Amino acid sequence: MRLIIAEKPSVARDIAKALGKPVRKEGYLVVGENLVTWTYGHLLQIGDLAPRKWDLKDLPFFPERFWYKAIPGKERQLKIVGTLLSKASEVVNCGDAGREGELIVREVLDYLGFKGRVLRFWTSEALTPEVVRREFMRLRDSSEFDDLYYSALARQNGDWIVGINLTRLVTLKAGGGEVWSVGRVQTPTLAMIVRRDEEIESFKPETYYVILGKFEGIEGVMLRDGVEARLGKDEAERTVSKLEKESFARVLKVDKEERSERPPLLHSLTSLQREANVLYGFTAKRTLDLAQRLYEEFKLISYPRTEARYLGDNNKGLAKEVLKRLGREELIPRVDRVGKRVFDSSRLTDHHAIIPLDKAKDDLPRQERMIYDLVLRKFLGAFMEDYEYEVQRLYLQLDGEIFLSQGKRNVRLGWMELYPHEDNPIPLPSGSVRKDEVRVEARQTKAPPRYTESTLLREMERLRLGTPATRAGIIETLIERDYVRREGKTLRSTGKGRELVKKLASSKVTSPDMTSEWEKELEEIYVKRRGREGYDEFIGKIKEFTREEVVKLLKEEFKVENRATPEMLSLAKMVSKDLGVEVPGTGMEEVKRFLDEYLPKRRITCKCGGEVRAFERGWKCVKCKSVVWREIAGKRITFKQAKALFEGKELKMRGFKSRSGKRFSAVVYLEDGKVKFKF
């Protein structure tokens, strides 16, 4: 019997439907001679390897071997998979086609001791019935992906070693009973944010003055040594007084430079997340979730968890077919002419760039449409003509001083017609022009901007911190652990985050360079096919690093802060989230003042007259026992919405998700102790 294991139920259903008429069973599907089951992501986690009691004497701790246990809440599905495996002679690993997907299924097979034949299903295309049936005719032996598995295992085990040792060490040295989480990737990422924030706060702006002129409506700036002149106030005023006496400027030179820009590269996940953050303010995680839905549910884009921005040399047929589906047949001849700017297998590791696979229907949800359109225009633009324009520079001389005016004239839009664009040509006179005015403008030097998710993702990509599939999770982890908070589109370190970086000031774990080198070594285990040997070498280096850091940090003196208790901090964080106000710090007095001021504003009175109390998963009335959960049908419920429901109001809300994965809207209200829907 053949057992097919997918990473999630939705993928299992797609595969089963493509292979026949599935019959639903508990935890799996039957399709002819095939059984199809799933894992809900990771079913296993590393077991309780470290000593139960936290003690500095036990550090560093390195397990002789790694063993695993079921993740709480997933034991039932693991048991179902185990029962099916005991009857199987062959397994098809249908985990996502990437490092983590390989590990998710492999670790289950290892844990349950499966010894039969294992095949690998691998594709970057959306799982349409045609793609599934085609790729099931091309299944590959699992051994071809051993190196990918060892790369994933090295990442998982290495992260555990660094995290368990340094988290325990910092927590014990800091005292106060609060856990200080340290991670191989999250900590250097946090350090980047902290250092940028400190740079901004220590920045002292300097005022300088520029001289602007207007000549027959043409605006220009005064130059010195070929660049914008930055002057002191007195010199600027003297210069303007001198220039005000002149009535005409002489045209010194007119430059017209033809330029062209080739189409931008196709999207990787990171570039897609960055663009969506800049244009729409989407978080990296939100963009990933939307892209995953477009891939899995709507079958409209290719596999999204990729770092590539190219297609393979053998993907020209796919590109032509997609252009045909999109109704852009006029671009098909250019597929054979764009060359390695689009098709370059040497730039790929496992997956090609994200591309559209079909035309979207009119009823595609709004946010999914926004992400789809970003992918679509990158793909179409790749096969369009270059954008050509003329840069115009007009140099004017006024009493010995040079003024520069610049403009741009579009010549051929090409791919730029897909994007917002402007055309701002300037007149290009000859001889002399009348001076309308000259004036002084005060300006200030600016501090570097705070990180947004877009700029942080760019820096993480440049420094090889994490992978496209993990970077969004790293940002969310920093926020969940109260090291970083979102302020609009920007990311800002909290007092706790700064304190951790301060405690680790002498540690290499805050260095992006070291983490970048580790990420490179993890990739090379797969790319250079180093397998078990590469795993052993990587873990050896991780142990050596951890040992050195523990020895060094044990000698450090940590200042024990008078911090609020974990319970107070947890409550303050909940109040902050509910009311949208910022906790000013983590000190005992700061948090106490915050709770004294804002806790009363968070009170809710139920329509029955009872007091409503908040808990981690929702709100509950102590009198009538009515409950409003913080998440209902996949949608997060805000404090204001919960308050309105307890007060007896009906709310029209959207963004719910049914058990089958479909989005829906409804009027919600509280009745008989629970939230109900009205359609």
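See above for the structure.
Here we summarise the structure given alongside this text. Every value quoted in this text rests on a predicted model; they were computed, and no experiment measured them.

The next subject is the sheet that holds strand E25 (residues 651-657). Taken in spatial order, the three strands make up an open sheet running E25-E26-E27, and their pairing is antiparallel. In this open sheet, the two strands that pair with only one neighbour each are E25 and strand E27 (674-678). Put simply, the sheet's adjacent strands are angled 50° from each other on average, direction ignored. Pairing between E25 and strand E26 (residues 663-671): five bridges, direction antiparallel. Residue pairing for E26: methionine 653 is matched across the bridge by alanine 666.

Taken as a whole and judged by the stated rule, the model has 22 aromatic pairs. Judged by centre distance (6.3 Å) and plane angle (50°), the ring pair of tyrosine 150 and tyrosine 535 falls under tilted. You can see tyrosine 150 sitting in helix H5 (residues 146-174) and its partner tyrosine 535 sitting in helix H16 (residues 531-554), a full 385 residues away along the chain. The burial state of tyrosine 150 is the same as that of tyrosine 535; both residues are buried. Ring centres of tyrosine 280 and phenylalanine 282 lie 5.4 Å apart, and the angle between their planes is 50°; on these two criteria the pair is classed as tilted. The exposure class assigned to tyrosine 280 is partly exposed, which follows from its relative accessible area of 32%. In this structure phenylalanine 282 comes out as buried when scored by relative accessible area, which is 8%. Sitting over the ring of tyrosine 208, arginine 230 keeps its end group 4.1 Å from the ring centre.

With respect to the helices and strands, the residue leucine 35 is situated in strand E4 (residues 34-38). For leucine 35 and alanine 12, which are 23 residues apart along the polypeptide, the C-alpha to C-alpha distance reads 9.9 Å. Setting aside its immediate chain neighbours within four residues, leucine 35 contacts Met1, Arg2, Leu3, Ile4, Tyr28, Leu29, Val30 and Leu84.

This part takes up the pattern of salt bridges. Scanning all chains against the criterion turns up 74 salt bridges. Two residues, arginine 106 and aspartate 146, come together in a salt bridge whose shortest N-O distance is 2.7 Å. Remark: aspartate 146 occurs in helix H5 and arginine 106 occurs in helix H3 (residues 99-111); sequence separation between them is 40 residues. Relative accessible area serves as the criterion here: at 27%, aspartate 146 is assigned to the partly exposed category.

About the criteria used
- Residues numbered from 1 in each chain as written.
- Predicted model: local features only at pLDDT ≥ 70, side-chain atom pairs only at ≥ 80, totals over all residues.
- Heavy atoms only, no water.
- Pairing = 2+ DSSP bridges.
- Helix = DSSP H or I, 4+ residues; strand = E, 2+ residues; numbered from the N terminus.
- Axes fitted to C-alpha atoms, helices over the stretch in contact; angles between N-to-C directions.
- Phe/Tyr/Trp six-rings, centres within 6.5 Å; stacked < 30°, edge-to-face > 60°.
- Buried < 20%, exposed > 50% of the residue type's maximum accessible area, 1.4 Å probe, protein only.
- Lys NZ or Arg CZ within 6 Å of the ring centre and 35° of its normal.
- Contact = heavy atoms within 4.5 Å.
- Salt bridge = Lys/Arg side-chain N within 4 Å of Asp/Glu carboxyl O.

The values are spatial; any link to function lies outside them.
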